[in-house]
Each structure stands twice: as structure tokens, then as C-alpha cells.
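# Architecture at a glance
Listed here are the chains, written in short residue letters.
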Amino acid sequence: MSRTYAGNIPKLYAIKIAKWFMLTMPIIVLFYQENGLSMQDVLTLKGIYSVAVVVLEIPSGYLADVWGRKKSLILGAILGCLGFVVYSFSYGFTGFLAAELILGIGSSFISGSDSAMLYDSLLKMNREKEYLKQESRVMSVGNFAEAIAGIAGGSLALISLRTPFVLQSFIAFIAIPAAFLLLDPNQDSQKSKAGFKHILNIVKFSLWDSAKLRWNIVLSSVIGCATLTLAWFIQPYLKDLDMEVSTIGVIWTLLNLTVGFVALLAHRVEGYLGKIGTSTFIVIGISSGFILSGWFHSLIGVGVFFFFYFVRGIATPVLKDYINRITESDMRATVLSVRNFIIRICFAVIGPFLGWYTDHYSISSALMLAGSIFLVLGGVSVIFMRKVER
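Let us look at the structure shown here.

Criteria and thresholds
- Residues numbered from 1 in each chain as written.
- Predicted model: local features only at pLDDT ≥ 70, side-chain atom pairs only at ≥ 80, totals over all residues.
- Heavy atoms only, no water.
- Phe/Tyr/Trp six-rings, centres within 6.5 Å; stacked < 30°, edge-to-face > 60°.
- Helix = DSSP H or I, 4+ residues; strand = E, 2+ residues; numbered from the N terminus.
- Buried < 20%, exposed > 50% of the residue type's maximum accessible area, 1.4 Å probe, protein only.
- Lys NZ or Arg CZ within 6 Å of the ring centre and 35° of its normal.
- Core = buried A, V, L, I, M, F, W, Y, C linked by side-chain atoms within 4.5 Å.
- Contact = heavy atoms within 4.5 Å.
- Expected span 1.5 Å × (residues − 1).
- Bend = angle between axes of the 7 residues up to and from the residue.
- Axes fitted to C-alpha atoms, helices over the stretch in contact; angles between N-to-C directions.
- Parallel < 35°, antiparallel > 145°, perpendicular 65-115°, else oblique.
- Left-handed = near helix turned anticlockwise from the far one by under 90°.
- Nonpolar A, V, L, I, M, F, W, Y, C, P; charged D, E, K, R; others polar.
- 1 Å grid on protein atoms, 1.4 Å probe; cavity = no way out; pocket = protein on both sides within 12 Å on 5 of 7 lines; lining within 4 Å.
- Points joined across faces, edges and corners; volume = space filled by probe spheres on them.
- Salt bridge = Lys/Arg side-chain N within 4 Å of Asp/Glu carboxyl O.

### Observations regarding the packing of aromatic side chains
All chains considered together, the criterion is met by 18 aromatic pairs. Taken together, a centroid distance of 5.3 Å and an interplanar angle of 50° make the contact between Phe31 and Phe96 tilted. Linking Phe31 in helix H3 (residues 28-34) with Phe96 in helix H6 (residues 93-110), this pair joins segments that are 65 residues apart in sequence. The same class applies to Phe31 and to Phe96, which are both buried. Taken together, a centroid distance of 5.9 Å and an interplanar angle of 50° make the contact between Phe308 and Tyr309 tilted. On the basis of relative accessible area, Phe308 is assigned to the buried category, the value being 0%. We classify Tyr309 as buried; its relative accessible area is 1%. Among the aromatic side chains, those forming a connected cluster through ring pairs are Phe31, Tyr32, Phe84, Tyr87, Phe96 and Phe165. Over the ring of Tyr91 we find Arg162; its NZ or CZ atom is 3.7 Å from the centre of that ring.

### With respect to the nonpolar core
Counting 99 residues, the largest nonpolar core has Tyr32, Tyr87, Phe290 and Tyr309 as its most contacted members. It is helix H12 (residues 211-240) that contributes the most residues to this core, 14 residues altogether. For Tyr87, the contacting residues outside a window of four places in its chain are Ile28, Phe31, Tyr32, Leu45, Lys46, Phe96, Ala99, Glu100, Leu103, Arg162 and Phe165. Among the nonpolar cores identified, the runner-up in size contains 13 residues, and Ile58, Tyr62, Ile202 and Leu213 belong to it.

### Section: helix H16 (residues 332-360)
A rise of 1.5 Å per residue sets the reference length of H16, with its 29 residues, at 42 Å; its end C-alpha atoms lie 42 Å apart and thus fit the reference within 8%. Of all the bends found along H16, the most pronounced is centred on Phe347 and spans about 30°.

### A few points about the packing of H12 against helix H14 (residues 266-295)
Contact geometry of H12 with H14 gives a least axis separation of 11 Å together with a crossing angle of 25°. Our classification of the angle between H12 and H14 gives roughly parallel. Taken as a pair, H12 and H14 cross one another with a handedness that is left-handed. Contacts between H12 and H14 pair Asn216, Leu219, Ile223, Ala226, Thr227, Thr229, Leu230 and Tyr237 from the former with Lys275, Ser279, Ile282, Val283, Ile286, Phe290 and Ser293 from the latter. Taken together, the residues of the contact of H12 with H14 break down into 9 nonpolar, 5 polar and 1 charged.

### Points about the environment of Leu167
Its place among the elements puts Leu167 in helix H9 (residues 163-173). Under the relative-accessibility criterion, Leu167 is labelled partly exposed at 35%. In sequence terms Leu167 and Gly153 are 14 residues apart; their C-alpha atoms lie 9.4 Å from each other.

### Points about empty space enclosed by the protein
Throughout the structure, instances matching the rule amount to 2 cavities of 30 Å³ or more. Leu12, Ile15, Lys16, Lys19, Ile110, Asp114, Ser115, Leu118, Glu135 and Val138 together form the lining of the second largest cavity. In terms of residue count, helix H2 (residues 8-20) provides more of the lining of the second largest cavity than any other element does, 4 residues in total. The class makeup of the residues in the lining of the second largest cavity is 5 nonpolar, 1 polar and 4 charged.

### Let's talk about the packing of helix H8 (residues 131-156) against helix H15 (residues 299-325)
Interaxial distance between H8 and H15 falls to 9 Å at its minimum, and their mutual angle equals 140°. By the angle between their axes, H8 is oblique relative to H15. At the point where H8 passes H15, the crossing takes the right-handed sense. Every residue of H15 that contacts H8 at Tyr131, Leu132, Glu135, Ser136 and Met139 is listed here: Arg312, Gly313, Thr316, Pro317, Val318, Lys320, Asp321 and Asn324.

### A look at the pattern of salt bridges
Scanning the model with the defined rule gives 5 salt bridges in all. Linking Arg69 and Asp120 is a salt bridge whose minimum nitrogen-to-oxygen distance equals 2.5 Å. One end of the pair, Arg69, is in helix H5 (residues 69-88); the other, Asp120, is in helix H7 (residues 113-124), with 51 residues separating them in the sequence. The same class applies to Arg69 as to Asp120, namely buried. Measuring nitrogen to oxygen at the nearest pair gives 3.8 Å for the salt bridge that ties Arg325 to Glu270. Of the two residues, Arg325 sits in helix H15 while Glu270 sits in helix H14, which places them 55 residues apart along the sequence. Exposure remark for Glu270: the relative accessible area of 10% places this residue in the buried category.

Written out as C-alpha cells, the structure is:
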């Protein structure tokens, strides 16, 4: 049986590749602009996507706990493929909005379920202590996939900016058979729960009753929102420096390779710095990445992006691991979805505001403002987390 659960790991790799081999990412903002969208439109669209994820984030995590992580991943994979099919035939804000809503719902069924599936598969094999290492590897595979897709997407964009979206539909399809082949570690222990009331009890426990879990979730959410926010500034930033589409694709590739390689070493960095030291390093590194890239609106700023992505490679697997260590299996997907819920709520508020600020002032000032916001939020989170860890 252990060998069977071990088979879940390569299948989760396949799902991660299908989700992260994003041919569209190196050119998506340019694609939006080609179709008449402003930066405010772009970040409003992504904010609405975040709201779509938010609406189902916690309920979908709860469903994964009681209905099955496998079923949740299958549904998410199907919607992920459908969303890019809709994108392929859309030419304006309304069509893009429909595609984003489908992708948002699909993403909500995958987020939390994949990490919970990985942790509980390892738990069944008495290998849960390997989670940080395995989560780092899964993240690395995803970032390597996104890195290769950066080159491929930039090259395909030379045909047209729409071509990557068409081919993305076929890439996204890979996740569907991979999800069907998974074995759910909790399939025999799932019981009927008290529905919406039970969801509220888990949320209450996560954000109110357990101070330790609360501040681990808040810190992870702040950093998650920060990394999501910067991703949408990189393309217009590079475009402001008069870079060609192919060059932007190469830089995007190198940034994701940076995350992929660093993630493999995340467990060693955490072991050396410890929990509070690592958390402090992450907050300072992420916020300074915003501020310095805004201050040096030049090739120096591009260099700062690489430092930001270096820190990101450590942050994502480490902060997820902190949450998993103190969470019970029967609520794991729900708790991870609470984290993703907060990330999306924050981005739905901060994203459109920063887009408006960019359109009315400058991308440099918007980046410095964002860095200041995340420094304050992250710093407060670490202070409180340090108190509850004593």
C-alpha cells in the first residue's frame, strides 16, 4: 500500500507541471494590452479572479477534506483546461473575465488539495518529516516547467500573442488523467460532517482559537500576496525598459529557474536560520525586492527581481510547512485554503489599487508603495508569531 501512495507523488508532479507550464505568462500582460486593456483593467481582472477563488476557496478546501482530495483535484483540472479554451476564443474584457472566473473556480479546487494530498500520502507512509523536502521538489518542478514555458511562450508569441493560449489548453489537459489516477489517502476515513457550520468551526479555530496557527497563516498569506503582486508588475516593468517580447520571455524563464533551484535548498536554509530567522529574512527580502526595484528603474531593478525570486524560492515551501506541522489531517486542506483565501482577499484589494496608482503616477512609485505595505504587514506578523512560539 505504501508503494501505491508513493505513486501519488509523480502524479502530483504532473498536475503541477500542467498548472505551471504556463506558455501565456511571459506575454499575458502584453496580450491584454494588445486587446485594449489598461494596467488598471489588467489588475482589476486579476482582482476579480482572486474574488472568484475567494468565494470557493474555503468551501472547496472543506469539500476536499470530506468529499475527497482526488475528486477535488479532478474537478479543478477539468475547469483549468476549460478556462484556457475560453481564453483562446475571447477578444475583450468580458471574454477574459469569463475565462478568469472558470480558472478561478478551478484553481480553488486544486489549491490546498494538492499540498494536503502530498502531506497525507507521506503520512500514510510514515514519511511526513520529508514534507518540506518533497514540497520543495514539487515547487521546483513547477518552476522549472514555468521557466521552460517562458522560452516556449515567448517564441510562440512571435507567431501571435494568442497562439500560447491555444496551446495552453492542451497543456492544461495533462492534469485531468493524472488526477484520475491518484489514490486518496483519506478515502476510507472521510465521514459526513456538519456542513457549513463545521467549515466555520475550522475557520474559527484557525484564525481565532489557535494563536500559533493564526500567525503562521497570516505571515504565509502576506508573503503569498506579495509574490503574486510582483508577478504582474514584471512584464510592464521590462516593457518600460524597451525590451523585446523574446527577451522578456528569457528573463521570465531565468527568474523561474532561480525559484526552482533555490526551492531545492529551502529545507537547508530553514534548518540553518531557524523559524524566526527564516521568517524575518523572508519579510525583509520580499519587501526590499519591491522597494529597490522601484528605486532603481533600470537593469539594476531587473537584478533585484532575481533576489526577490531567490527569497520566494525559500518562502513558499517553508511557510506551507510551518502550517502543515501544526494542522490535523482531517482539516488540512481547509486550513491551507484559509491561507489561500486571505492571499486572494488581500490581492483583490491591493492589486487594483496598485494598478490605478501605476496608471496615475508611475510603476516605480507603485512598487515602492507595495514594498512598504508588505514590510509593515509582514513585520507585524513575525512579531506576533515570535510571541506565540515562545
